[in-house]
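# An overview of the molecular structure
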Amino acid sequence: MSQSLQTDPAKLAAARAAVALVADGMRLGLGTGSTASVMVRELAARVAAEGLSLRCAATSKATAQLAESLGLRVEGLDQIGWLDMTIDGADEVDPHLHLIKGGGAAHLREKIVAAASDRMVVIADPGKVVEVLGAFPLPVEVLQFGFETTRTLIRRALEELDLGGRDVLQRLTGSDALVTDEGNFILDLHLGQIPDPVALSRALQGIPGIVEHGLFLGMCDLAIIGREDGSVVELARDDGIDADMLAHEGD
Ligand SMILES: O=C(CO)[C@H](O)[C@H](O)COP(=O)(O)O
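This section reports on the structure supplied with the text.

Definitions and limits used
Residues numbered from 1 in each chain as written. Predicted model: local features only at pLDDT ≥ 70, side-chain atom pairs only at ≥ 80, totals over all residues. Heavy atoms only, no water. Pairing = 2+ DSSP bridges. Helix = DSSP H or I, 4+ residues; strand = E, 2+ residues; numbered from the N terminus. Buried < 20%, exposed > 50% of the residue type's maximum accessible area, 1.4 Å probe, protein only. Contact = heavy atoms within 4.5 Å. Phe/Tyr/Trp six-rings, centres within 6.5 Å; stacked < 30°, edge-to-face > 60°.

Here the focus is the sheet that holds strand β5 (residues 99-100). The antiparallel open sheet is built from three strands, whose spatial order is β4-β5-β13. Edge positions in the sheet fall to β4 (92-93) and β13 (215-216), since each of these pairs with one other strand and no more. Pairing of β5 with β13, which is carried by two bridges, proceeds in the antiparallel orientation. Its bridge partner being in β13, I100 is matched across the sheet by L215.

Moving on, we come to the environment of A10. By the element assignment, A10 lies in helix α1 (residues 9-19). A10 gets classed as buried once you look at its relative accessible area, which sits at 0%. Note: C-alpha distance between A10 and D221 (211 residues apart in sequence) is 20 Å. Once you skip the residues sitting within four places of it in the chain, A10 turns out to touch D125, P126, G226, R227 and E228.

Looking now at the packing of aromatic side chains. One pass over the full model with this rule turns up one aromatic pair. Ring plane angle 85° and centroid distance 5.2 Å describe the contact between F147 and F185, whose orientation is recorded as edge-to-face. In this pair, F147 is assigned in helix α6 (residues 147-160) and F185 in strand β11 (residues 185-190), connecting sequence segments 38 residues apart. Comparing F147 with F185 shows no difference in burial state: the two are buried.

Right, here's the structure in full:
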């Protein structure tokens, strides 16, 4: 379709397979990040070629801007109300299709949009597939009010889960604090491994200054993992992923 030759072939393969799931009349959630951007371009090309009628809700200002610039109809989530499917990227995918998201600081809107969708489809390259979540620092969106207090409460919660002593670092853009689309800060939790994502999710949800964390548990229905040769592996929840095979493909 419309993608340049420089586009990562694994991302392109995953994006194309996801866009093939789109049907005329659908209400779609559009994810954020480089893989989601490839998908948005593929989607726009399909809409232009086939004259599909779609209503799209974007998970970030950047995605809304890209989608609109390509002629897609972007509306507010509340205007659409409910979505048939959301297609988004991820930073990590485990064998249960639990995810870490938020590498693009958009996980708050991404989680709201995914929760308002009949189906969440994740597109990724094999490097995102892991046995255990946590090598990618876990993004946590935090209110600016009481920011340092919230960081202290997070450290205490981590200690109680035997994850104490890990770095809890504010995300910067250049030398300035990164501010999300919703006006909040991001803390990245450098945990290495998250042995019990459910327990961590519960603990973080109990801290008042946290707006949302980047663990997506039980939300992803289908993961489409693209490979360098243009093929894809599709995994439904609890199919089980041969993470080793996927992660080291082509190394
Ligand atoms: O969660 C996200 C943004 O908040 C992205 O989906 C995630 O960071 C993956 O991005 P990319 O496709 O660029 O690797």
